[in-house]
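Structural description and commentary
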Amino acid sequence: MPIKRPPINSPSFFIGKGDGNDLISFGSGQPDLPPPNQIFKILPKFKDFKYGLIQGQLRLREELAKQYPRSNPNQFLITNGASEAITLVFRFLANKGKRVLLPRPYYYSYPHNAKYANLDVNYYDLVNGKIDLDNFKKNMVGCCAVMINSPSNPTGSIQEIPVLREIEKITQEQGMYIVSDEVYKDLIYERENYFFKGSHVITINSFSKTFAMCGLRVGYLYSTDQEVLDTCITYKTHLSMNTNILGQEMAYAALKAPKSYTQKQVAIWKKRRNLIYQGLVDLGLDLQKPEGAFYVFPKFENSSRVVNDLFYDYRMITYDGTWFGSPGRVRFSYALDVSKIKEGLRRLEAYMKKRGLR
Ligand SMILES: Cc1ncc(COP(=O)(O)O)c(C=O)c1O
């Protein structure tokens, strides 16, 4: 009997599938590195399983406020991952206009959330991972908000600071919001992150990537605009109520980790970035060198076939560029051990040889 091969046409086919059993996952963007030690100390003592504040536990917001210049704890809303923050913000934006500007390629949840919020979408196409300001300005016309994701999922590129400053200025002048998804802000290899400033800025962040706490589902949004906070708190009350209370305690503990925790992680990502980038270049693939996050995004003709073949015939998980608005590319997350990256590259080489792709 032929083995069933249901077509793989969405990331949900893979999310939560771990590796092991000879499966190598270049799939979901979840760090394999451990979270800070501090978070495990919470567990034996934790007893408070009651509902928490919708806005999030005060001491976590106080701790976050220390990281954002001139901010205060009331300007933060703790969410179930950055994912919930994105949902809430798009719903908020639907009160402000009819259309938002998104990058392309994009993090796959953005267009879905825009659609669920009844928002239409314009795109600015990244050129070799970078924003083309002329194209950006042309496409922002008629939008109430622009979305920035630097470092980017799926390209791993970061945007140039003068470009970000210009966007900060023109959006302010035109009364548009900037939604800045900065979940990879601590995973930049080249420079420090650039923080957008202004009353029109909504910053989204998460504990998933920096602190390797994806499954605990803790993220947040930060804004100095009281209307953004009030509206999103109301929506969250009726969407999920408080964010996972134990996760928030752990997030609070994670913020106490020394700076060296992140520095050590970034050094590891950088080594892996170099390894996989060179490996893919050696296979003759066309790709950019990531400057942040943990993704490479090489070109492949018929990316859907590649993703299906690699999974069913080579036991490798990869993500189809089509899911990110970029068919003809395949995303590899290199959030996995060096030995697995090497083995994955060997399998990819075997596949490419078999199909005459190299
Ligand atoms: C750009 C981007 N934004 C948001 C998220 C969602 O993160 P969270 O786990 O905090 O919901 C991800 C996860 O991969 C992401 O890559």
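Residues numbered from 1 in each chain as written. Predicted model: local features only at pLDDT ≥ 70, side-chain atom pairs only at ≥ 80, totals over all residues.

**Description of the environment of R59**
- Residue position: R59 is located in helix α1 (residues 58–65).
- C-beta crowding within 10 Å serves as the criterion here: with 13 such atoms nearby, R59 is assigned to the partly exposed category. (Helix = DSSP H or I, 4+ residues; strand = E, 2+ residues; numbered from the N terminus. Buried ≥ 20, exposed ≤ 12 C-beta atoms within 10 Å, placed from the backbone.)

**Observations regarding the domain arrangement of the chain**
- Along its sequence, the chain is organised into domain 1 (11–34 + 259–354) and domain 2 (38–254).
- Centre-to-centre, using C-alpha coordinates, domain 1 lies 25 Å away from domain 2.
- Listed by partner, the interface residues are 26 residues for domain 1 and 24 residues for domain 2.
- If you list the elements that add at least two residues to the side of domain 1 that touches domain 2, you get α8 (259–282) and β9 (295–296).
- For the side of domain 1 that touches domain 2, the element with the most residues is α8, which contributes 5 residues.
- Class assignment of the residues belonging to the side of domain 1 that touches domain 2 gives a composition of 14 nonpolar, 8 polar and 4 charged. (Domains from an automatic or database assignment. Contact = placed C-beta atoms within 7 Å. Nonpolar A, V, L, I, M, F, W, Y, C, P; charged D, E, K, R; others polar.)

**Structural notes on the sheet that holds strand β11 (residues 319–320)**
- Taken in spatial order, the 3 strands line up as β9-β12-β11 in an open sheet, and their pairing is antiparallel. The open sheet has two edge strands with one neighbour each: β9 and β11.
- For β9 and strand β12 (residues 330–333), the ladder comprises 2 bridges, and the chain directions are antiparallel. Bridged to V296 within β12 is F332. (Pairing = 2+ DSSP bridges.)

**Here's the deal with the site of the ligand**
- Lining the immediate surroundings of the ligand are 13 residues, of which G81, A82, S83, N153 and S206 lie closest.
- Looking at the shell around the ligand, the element that brings in the most residues is helix α2 (residues 81–93), giving 3 residues.
- Looking at the shell around the ligand residue by residue, the class counts come to 4 nonpolar, 8 polar and 1 charged. (Near = placed C-beta within 6 Å.)

**Notes on the environment of K45**
- For K45, the position within the fold is in the loop between β1 (24–25) and α1.
- Remark: the alpha-carbon pair of K45 and Y116, spanning 71 residues in sequence, is separated by 40 Å.

**Thoughts on α8**
- For α8, with 24 residues, the first-to-last C-alpha span of 35 Å sits near the 34 Å given by 1.5 Å per residue.
- Listed as buried for α8 are Y261, Q265, W269, R273, I276 and G279.
- Those residues of α8 that are buried are in contact with β9, β12 and α10 (338–354).
- At the exit of α8 stands G284, carrying a positive phi of roughly 85 degrees. (Expected span 1.5 Å × (residues − 1).)

**Points about α1**
- Taken as a whole, α1 has its buried residues at L60, R61 and L64. The buried side chains of α1 occupy one side of the element, clustering within an arc of 95 degrees when seen end-on. (Arc of directions from axis to C-beta.)

**What about the sheet that holds strand β2 (residues 76–79)?**
- Spatially, β2-β8-β7-β6-β5-β3-β4 is the arrangement adopted by the 7 strands of the open sheet, whose pairing is mixed. Edge positions in the open sheet fall to β2 and β4 (120–125), since each of these has one partner strand only. If you compare each strand with its neighbour and ignore which way they point, the axes differ by 20 degrees on average.
- Across 4 bridges, strand β5 (residues 145–148) lies against strand β6 (residues 177–181) in parallel orientation. Directly across from V146, in β6, lies its bridge partner I178.
- Those strands touched by α1 are β2 and β8 (219–223), and its axis lies near 120 degrees from that of β2. (Axes fitted to C-alpha atoms, helices over the stretch in contact; angles between N-to-C directions.)

**Thoughts on the nonpolar core**
- V89, V146 and M213 are the most contacted members of the largest nonpolar core, which totals 95 residues.
- Per-element accounting of this core gives the leading share, 8 residues, to α2.
- Both domains that meet at this core, namely domain 1 (11–34 + 259–354) and domain 2 (38–254), each give it at least three residues.
- Each residue touching M213, except ones within four places of it in the same chain, is listed here: P35, F207, S208, V218, M250, A251 and A254. (Core = buried A, V, L, I, M, F, W, Y, C linked by C-beta atoms within 7 Å.)

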